[in-house]
Structure formats: C-alpha cells, structure tokens
Amino acid sequence: HGDDRRQGQMGIRDSFKDAFQDGWEKTVARMVEVLVKKPEADAPRDPKRVNVLPGCHLTPGDLDELRTILEDFGLQPTFLPDLAGSLDGHIPDDFTPTTIGGTGVEEVAAMGGASWTIAIGPQMRLAAEAMQKKTGIPFKLFDRLCGLAPNDELMAFLSEISGRPVPLKYRRQRGQLVENPVGLVAASQCVVGVGFDIEGPAIALLDRSHRPIPLAPLACKRNRLFESSRIMKGVGCVRESIAIAGV
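What counts and what doesn't
- Every chain is numbered on its own, with residues counted from 1 as its sequence reads.
- pLDDT decides what is reported in this predicted model: residues at 70 or higher carry local features, side-chain atom pairs at 80 or more are listed and counted, and totals for whole chains, interfaces and linings draw on all residues regardless.
- No hydrogens and no water enter the side-chain calculation; it runs on all heavy atoms of the structure.
- Any two strands are treated as partners once DSSP identifies two or more bridges connecting them.
- Helix and strand definitions follow DSSP, with helices as H or I runs of at least four residues and strands as E runs of at least two, each counted in order from the N terminus.
- Here, axes are lines fitted to C-alpha atoms. For helices the fit covers the stretch in contact, and angles between N-to-C directions go from 0 to 180 degrees.
- For this analysis, residues touch if any pair of their heavy atoms sits within 4.5 Å.
- Seen with its strands pointing away from the viewer, a crossover is right-handed if its path from the first strand over the helix to the second goes clockwise.
- Only the six-membered ring of Trp is used, alongside the rings of Phe and Tyr, when aromatic pairs are assigned; centres must lie within 6.5 Å, and planes under 30 degrees apart are stacked while those over 60 apart are edge-to-face, with the rest tilted.
- Partly exposed describes any residue whose relative accessible area lies between the buried limit of under 20% and the exposed limit of over 50%, with all areas from a 1.4 Å probe on protein chains only and scaled to the type maximum.
- In our convention, an over-ring charge means Lys NZ or Arg CZ found within 6 Å of a ring centre and within 35 degrees of that ring's normal.
- Working definition: the arc comes from the directions between the helix axis and the C-beta atoms, pointing outward to the latter.

Another point: the sheet that holds strand β1 (residues 46–54). Pairing within the open sheet is parallel, and its 4 strands lie in the order β2-β1-β3-β4. Lying at the two open borders of the sheet, with one neighbouring strand each, are β2 (76–79) and β4 (139–142). Taken pair by pair, the neighbouring strands of this sheet meet at an average axis angle of 25°, ignoring direction. As judged from the 6 bridges shared by β1 and strand β3 (residues 114–120), these two strands associate in the parallel manner. Bridging from a neighbouring strand, P54 pairs with I120 of β3. Its contacts with the sheet put helix α5 (residues 125–135) on β1, β3 and β4, and the angle it makes with β4 is roughly 175°.

Spelled out as structure tokens, the structure:
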C-alpha cells in the first residue's frame with residue numbers, strides 16, 4: 001500500500017508538463033485520480049458540501065472571495081488546489097521550511113462525499129470529468145467568472161443547489177455594477193497578451209468599451225472562447241498598438 005501511494009505521488013509530480021496551465025490541468029486531474037477516495041455505492045452525499053476546482057488563472061484573493069460567496073449560500077466548499085492560505089502574502093508567526101495552508105490529503109480524500117463539483121475555467125474540465133468518473137458527482141463548468149452574465153449564472157446555480165435566495169448584498173453589488181460598468185477603460189489603449197483562461201474575461205470586459213482590441217498570438221491547444229469584430233490578431237497589430245500606447 002505504501003509503494004502504491006509513493007508511485008501515485010510520483011505520478012502527480014510527473015504530470016506537470018508543457019505550458020503552465022496545461023501542467024496545472026493534468027496535475028489536478030491526476031490528483032483527483034490518485035487522492036480522492038471512491039465512495040461506497042450506498043454512501044449518502046452531503047447536500048451542503050461542494051468541490052471547487054479552480055483554474056491556475058485565479059488568484060488567492062479570487063479564492064477567498066469565492067469561498068465567502070459559497071459560504072453565504074450555506075455551502076461548505078473544498079478547493080483543490082487551495083492556494084488562498086499559502087500565497088496570500090501573510091507571514092506566519094514561526095518559521096516553517098514547508099508551505100503552509102492548502103487542502104489536506106484527508107480533505108481531498110473525502111471530496112467524494114460532496115453533492116456537486118464546480119470547475120472554473122475550461123482547463124479544469126479534465127479534472128471535473130475525472131472526479132465525476134471516480135465518484136459519480138455531477139459538475140458545473142464555468143468558462144469564466146468575470147463579468148455580469150457569468151456572475152448571474154453562478155448566483156443562479158448556487159441558489160438552485162443550496163435552496164436559498166441570492167443574498168441581498170450580492171443583488172446590491174450587481175446593481176452597482178450595472179450603474180457604473182466600464183467608464184475607466186473606455187478611453188484606454190490596451191493590448192491583450194495573456195493565457196487562454198484569462199483572455200476571455202479580459203476581452204469580454206474590453207469589448208464593452210467599443211475600442212479595437214489588439215490580441216497577441218499566444219500558443220494554445222484550445223480554440224478561443226470569445227470572438228469580437230474589434231479583435232485585431234497578429235504580431236504586427238500588437239507591436240503597432242504598443243508603440244501607440246508608449247509601452
């Protein structure tokens with residue numbers, strides 16, 4: 001049993017290959033395959049427990065905010081991986097040579113008892129499918145959580161699975177966003193050259209400013225999620241826009 005565990009851990013480490021988000025995608029999927037315990041056939045599911053598989057484009061602050069939102073709906077999230085307690089910039093009282101925070105191995109093993117899995121970013125589909133295959137837990141994939149429409153979809157989904165109405169504070173924040181959307185970026189010169197899962201949210205925001213959007217041609221195995229008549233593709237247009245912006 002010990003040898004199998006060590007081999008599994010080595011398999012997780014060896015899964016991180018290719019570009020950053022590709023390695024993240026493969027590694028998290030492998031973590032699910034190796035570490036999550038397959039539940040018994042008649043094991044009950046906890047309707048309050050939710051698995052969250054965040055993409056590599058989410059920051060520790062994003063994870064903290066998402067955790068708060070889920071808890072405001074009465075849900076108990078388990079993040080895999082959870083960098084919010086490790087890379088949030090705080091300094092522990094005592095020195096430790098290893099990383100602190102994160103989701104423990106025992107918590108990961110127990111993820112098979114959740115009622116839903118939420119995957120954030122197209123790169124997390126592989127891990128969500130691995131979780132569903134091993135545990136039978138259904139999953140909901142959000143391509144992005146940046147913007148009004150994706151957040152409406154998230155709030156509606158959380159309300160549905162929790163049986164609770166959307167909390168008043170989030171309805172109020174939505175009204176504030178609708179009132180003052182993109183005034184600060186409307187007159188800005190921008191160049192988008194980011195990873196795949198950040199590209200969609202960035203372009204969706206800038207597209208509302210009705211300005212041309214120079215897009216750097218980054219290598220990626222996936223097709224683009226977002227298309228706009230204002231997107232200018234190619235190295236030439238990016239160089240020209242950088243020169244105009246004075247970057």
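This paragraph deals with the pairing of β4. Remember that side chains alternate between the two faces of the sheet whenever the strand is regular. Pairing between β3 and β4: 4 bridges, direction parallel. The residue bridging I120 from the neighbouring strand is F142, located in β4. In this view, the connection linking β3 to its parallel neighbour β4 by way of α5 has right-handed handedness.

Let us look at the packing of aromatic side chains. Taken as a whole and judged by the stated rule, the model has 2 aromatic pairs. Pairing F142 with F157 gives two aromatic rings, centres 6.0 Å apart and planes at 70°, and the pair type is edge-to-face. Of this pair, F142 sits in strand β4 while F157 sits in helix α6 (residues 148–162), placing them 15 residues apart in sequence. Here F142 and F157 have matching classes, each one buried. Each residue in the set W116, F142 and F157 is aromatic and connected to the rest through ring pairs, giving one cluster. We note K140 situated over the ring of F142; from NZ or CZ to the ring centre the distance is 5.6 Å.

Residues spaced three or four apart along an α-helix point in a common direction, a consequence of the helix completing one turn every 3.6 residues. If you check which residues of α5 are buried, you get A127, A128, A130, M131 and T135. Seen end-on, α5 carries its buried residues on one side only, within an arc spanning 160°. Buried residues belonging to α5 abut α2 (20–35), β1, β3 and β4. A positive phi of about 80° marks G136, the residue just after α5.

Geometry only, nothing functional implied.
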